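Notes for the structure review
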Amino acid sequence: MKKLIFTLLISASTLVNSQIMVVNEIETDSKDNFTMMVTHWMNAVKTAMDVKDLRSYVFEEPGTNKVQFLQFHDSMTDMVDYMNKQEESQEKIWKAFQSMDPLPEGTADVFNETSNFRESSVWEFKPELSTTPETWNPLSKSEKDEQFYRRIQYVSVKFNQDRAFEDWTKKMNALDKKLGISYHYAVFKSSFGAKDADYMVMCIDKSQFEYFRNWEVRTNTREKSDEFTALVDELSASKWSVIGEYTWNRILDLTF
């Protein structure tokens, strides 16, 4: 089994007292096989480690063979502790895996042939740059499950321009609040492994259609504001740029 899919081989030398998001990008030529194998493995992990909620979610990237395997931790310390505990529990996990209802013959071989771990990255959630503490956290589990769409942007900033980008984002969020605009917007800062990206911006909605419809409403409201025009003018001299934009759709059945 491709152990690297489920564990990060990194050393953490800093402690961050905020939520950490680990993103594992995986390519698979058989999503049915991937679903079977990952479900079996993650249930074995939960059994062996006696954990009911691994705070793990899987997203597919439409039009590609890529999936994004996300896992959340309260801090960098918690992430490292989890990794160590999982490493120490490998024998128990394997025994739990073998004790479950057997998978069809050859499932593991197909998984090894069709699934390819690409990269891992670690991101620190920035609540002061996000609207989700107010808009997302109060939602019930069922309400959150309805919001399966993610619009992902990767942002690169030039040297020593982190503060400028963050200050601009705060002003934009404050203006949206003043204009009565409310949506699920989360910003993460790169801690490890992101290729050329310093920030990940995540917009959450019920579907791609709903996202663009709501984006149009937000844009029409903003463009009537002189303050918004001034903020847009600031972008002409900005030292950051969007270097990639992607769509992720949550696979609800792959929640662990």
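**Focus on the sheet that holds strand S2 (residues 56-60)**
- With respect to topology, 8 strands assemble into a closed barrel ordered S1-S3-S2-S8-S5-S7-S6-S4, the strand pairing being antiparallel. When the angles between neighbouring strand axes are averaged without regard to direction, this sheet yields 35 degrees.
- In this sheet, strand S7 (residues 199-205) lies alongside strand S6 (residues 184-192) in antiparallel orientation, the contact comprising 6 bridges. By the bridge assignment for S7, Val187 is matched with Val201.
- Seen against the sheet, helix H1 (residues 31-49) touches strand S1 (20-28), S2, strand S3 (66-73), strand S4 (115-125) and strand S8 (240-255) and runs at an angle of roughly 20 degrees to S3.
- Helix H2 (residues 76-88) rests against S1, S3, S4 and S6 of the sheet, and its axis sits at about 110 degrees to S3.

**Quick word on the environment of Met49**
- Structurally, the position occupied by Met49 is in helix H1.
- Placed 10 residues apart in sequence, Met49 and Phe59 show a C-alpha to C-alpha distance of 24 Å.
- Setting aside residues up to four positions removed in sequence, Met49 forms contacts with Tyr82, Lys85, Gln86, Ser89 and Ile93.

**As for the packing of aromatic side chains**
- On inspection of all chains with the given rule, the structure shows 14 aromatic pairs.
- Geometrically, the ring pair formed by Tyr149 and Tyr211 is tilted, given 5.7 Å between the ring centres and 40 degrees between the ring planes. In this pair, Tyr149 sits in strand S5 (residues 149-157) while Tyr211 sits in helix H8 (residues 208-222), placing the two residues 62 residues apart along the sequence. Residues Tyr149 and Tyr211 agree in their burial class; the two are buried.
- Pairing Tyr183 with Tyr185 gives two aromatic rings, centres 5.6 Å apart and planes at 50 degrees, and the pair type is tilted. As far as burial versus exposure is concerned, Tyr183 and Tyr185 are alike and both buried.
- Among the aromatic residues, those joined into a ring-pair cluster are Phe165, Trp168, Tyr199 and Trp240.
- For Arg218, the ring lying beneath its charged end belongs to Tyr183, and the centroid distance is 3.9 Å.

**With respect to the confidence of the model for the chain**
- With 93% of its residues at a pLDDT of 70 or more, the chain has an overall mean of 91.
- Across the chain, the secondary-structure element scoring lowest on mean pLDDT is helix H9 (residues 226-235), at 91, and the one scoring highest is S7, at 98.
- Long-range and interchain partners of residues 1-17, a stretch whose pLDDT sits below 50, account for 43 contacts in this model, where long-range means more than four residues apart.

Conventions used here
- Residues numbered from 1 in each chain as written.
- Predicted model: local features only at pLDDT ≥ 70, side-chain atom pairs only at ≥ 80, totals over all residues.
- Heavy atoms only, no water.
- Pairing = 2+ DSSP bridges.
- Helix = DSSP H or I, 4+ residues; strand = E, 2+ residues; numbered from the N terminus.
- Axes fitted to C-alpha atoms, helices over the stretch in contact; angles between N-to-C directions.
- Contact = heavy atoms within 4.5 Å.
- Phe/Tyr/Trp six-rings, centres within 6.5 Å; stacked < 30°, edge-to-face > 60°.
- Buried < 20%, exposed > 50% of the residue type's maximum accessible area, 1.4 Å probe, protein only.
- Lys NZ or Arg CZ within 6 Å of the ring centre and 35° of its normal.
- pLDDT = per-residue confidence, 0-100.

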